[in-house]
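Below, each chain spelled out in residue letters.
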Amino acid sequence: MKSFQGFKKGINLGGWLSQCKHSKDHYDTFIGEKDIQRIASWGLDHIRLPIDYELVQANNGEFIAEGFVYIDNCIKWCKTYHLNMILDLHKALGYCFDEYETSTDFFQSEKLQNMFISLWVELAKRYGKYSDCISFELLNEIVDSNISDIWNTLTKRTIQSIRKYAPTTHILVGGVRNNSIEALKMLDMPYDEYIVYNFHFYEPLIFTHQSACWIKEMSTNFSTPYPNQTQNYIDSSKQFLSPGSEQIYITHSQDPTTNLDTHFFEKLFIEAIHIAEERNVPLYCGEYGVIDKADPISTLNWYKDIHSVFEKYNISRAAWTYKEMDFGITQEHCSSIIEQLVKLL
């Protein structure tokens, strides 16, 4: 499979310029140069930098000059410590993955789509000259599985506009269903040689999101280990996740009476791997990780298994996430395993 050079192992800087209180005080204190230095010391080669449109674009479409300074500073720090960067638009004007019920107008509104493209043109003008170390990710997690054609059309329009200013920058494109690996086949053929197929992966979800307060049916006291017998994941998914969530374990596990292991990851990845090989595009997992409610040893077991499959199939990736955000690996929760964990990113 085609390699994504310079972006093999990374970590997200979630919660800094995205999914945050958008204020100068937060921007100035949440992440600093020492954090970038620490990430580099782990032997990683890149960071994924999620940004919300509010950082750099007002609701009338005008750009916010001071917001770009934080991206510029991060680029400077990354250059100092020899890290590459993926610039990820995590939230666009009119669309946010965790507010998708109120974001449906984005895919019907020419005005909102034009403002989205105009933001990417501005980003391309500013950062296209760094194509050797910066890649672009168009938009985080398209939720609705029914708008794949609309998303493909918007993706093409946006890439065509970006290419006027960033002809050789790698551009990451994810599918519907929250960047599901199973939705990559619904993407259009790559538009040029600098396209990367992007997916997110949190399976088994009942493990990685145990006790997650934002999941409607989830008990905040529920816990489950990894590895665990497949049937236990099936039963708890029926109880705490949306209807049908258990089907993924039934379809991709070897035997409900055995523990999930690397074979589960391989079975889920293999179709996407074949698609990437056939279309000659790199494969990139932009998010994967375990909630801080899981016990540390189980977390380490999960990272060991998924890491082995990433390595086997040459899949580039960035763990979610560096700090806080319920998944941060630098929090006290992971202190007992952090030295082992960073070797498995």
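Here goes a summary of the coordinates provided.

Rules used throughout
- Residues numbered from 1 in each chain as written.
- Predicted model: local features only at pLDDT ≥ 70, side-chain atom pairs only at ≥ 80, totals over all residues.
- Heavy atoms only, no water.
- Buried < 20%, exposed > 50% of the residue type's maximum accessible area, 1.4 Å probe, protein only.
- Helix = DSSP H or I, 4+ residues; strand = E, 2+ residues; numbered from the N terminus.
- Right-handed = clockwise from strand over helix to strand, strands pointing away.
- Pairing = 2+ DSSP bridges.
- 1 Å grid on protein atoms, 1.4 Å probe; cavity = no way out; pocket = protein on both sides within 12 Å on 5 of 7 lines; lining within 4 Å.
- Points joined across faces, edges and corners; volume = space filled by probe spheres on them.
- Salt bridge = Lys/Arg side-chain N within 4 Å of Asp/Glu carboxyl O.
- Arc of directions from axis to C-beta.
- Contact = heavy atoms within 4.5 Å.

## Focus: the pairing of strand S6 (residues 171-174)
Alternating residues of S6 divide into Ile171 and Val173 and Leu172 and Gly174, and every residue in both groups is buried. As a crossover connection, the stretch from strand S5 (residues 134-137) through helix H5 (residues 148-162) into S6 is right-handed. Sheet analysis places S6 next to strand S7 (residues 195-201), joined by four bridges and oriented parallel. Paired with Gly174 across the two strands is Asn198, which belongs to S7.

## Points about the layout of surface pockets
Space inside the largest pocket adds up to approximately 1600 Å³. In this structure, the largest pocket is lined by 41 residues; those nearest its centre are Glu141, Arg177, Asn178, Leu205 and His209. Elements with a minimum of two residues in the lining of the largest pocket: helix H6 (176-179), S7 and helix H9 (247-252). Broken down by element, the lining of the largest pocket gets its largest block of residues, five residues, from H9.

## Observations regarding the pattern of salt bridges
For the coordinates displayed, the defined rule picks out twelve salt bridges. Notably, a salt bridge pairs Arg48 with Glu137, separated by 2.8 Å at the nearest N-O pair. Of this pair, Arg48 sits in strand S2 (residues 46-52) while Glu137 sits in strand S5, and the two are 89 residues apart along the sequence. Residue Arg48 is classed as buried on the basis of its relative accessible area, which comes to 0%. Asp192 serves as the salt-bridge partner of Arg163, at 2.7 Å between the closest nitrogen and oxygen. Of the two residues, Arg163 sits in the loop between H5 and S6 while Asp192 sits in the loop between H6 and S7, which places them 29 residues apart along the sequence. Linked through salt bridges whose partners overlap, the residues forming this network are Arg48, Asp88, Glu137 and Glu287.

## Notes on helix H2 (residues 33-41)
Buried within H2 are the following residues: Asp35, Ile36 and Ile39. Along the axis of H2, the buried positions cluster into a sector of 100°, meaning they face one direction only. In H2, the exposed positions that point more than 90 degrees away from the buried face belong to Lys34 and Ser41. Contact partners of the buried residues in H2: strand S1 (9-12), helix H1 (24-30), S2 and helix H3 (65-80). A positive phi of about 85° marks Gly43, the residue just after H2.

## With respect to unusual backbone geometry
A cis geometry characterises the amide bond from Glu203 onward to Pro204, with omega recorded as -10°. Note on placement: Pro204 falls in the loop between S7 and helix H7 (205-208). With an omega of 0°, the peptide bond between Trp320 and Thr321 qualifies as cis. Among the secondary structure elements, Thr321 is positioned in the loop between strand S9 (316-319) and helix H12 (338-341). Even without a glycine there, the phi angle at Glu141 is positive, about 50°. With respect to the element layout, Glu141 can be found in the loop between S5 and H5. In this structure, Asn178 takes a positive phi of about 60° despite not being glycine. Within the element layout of this structure, Asn178 appears in helix H6.

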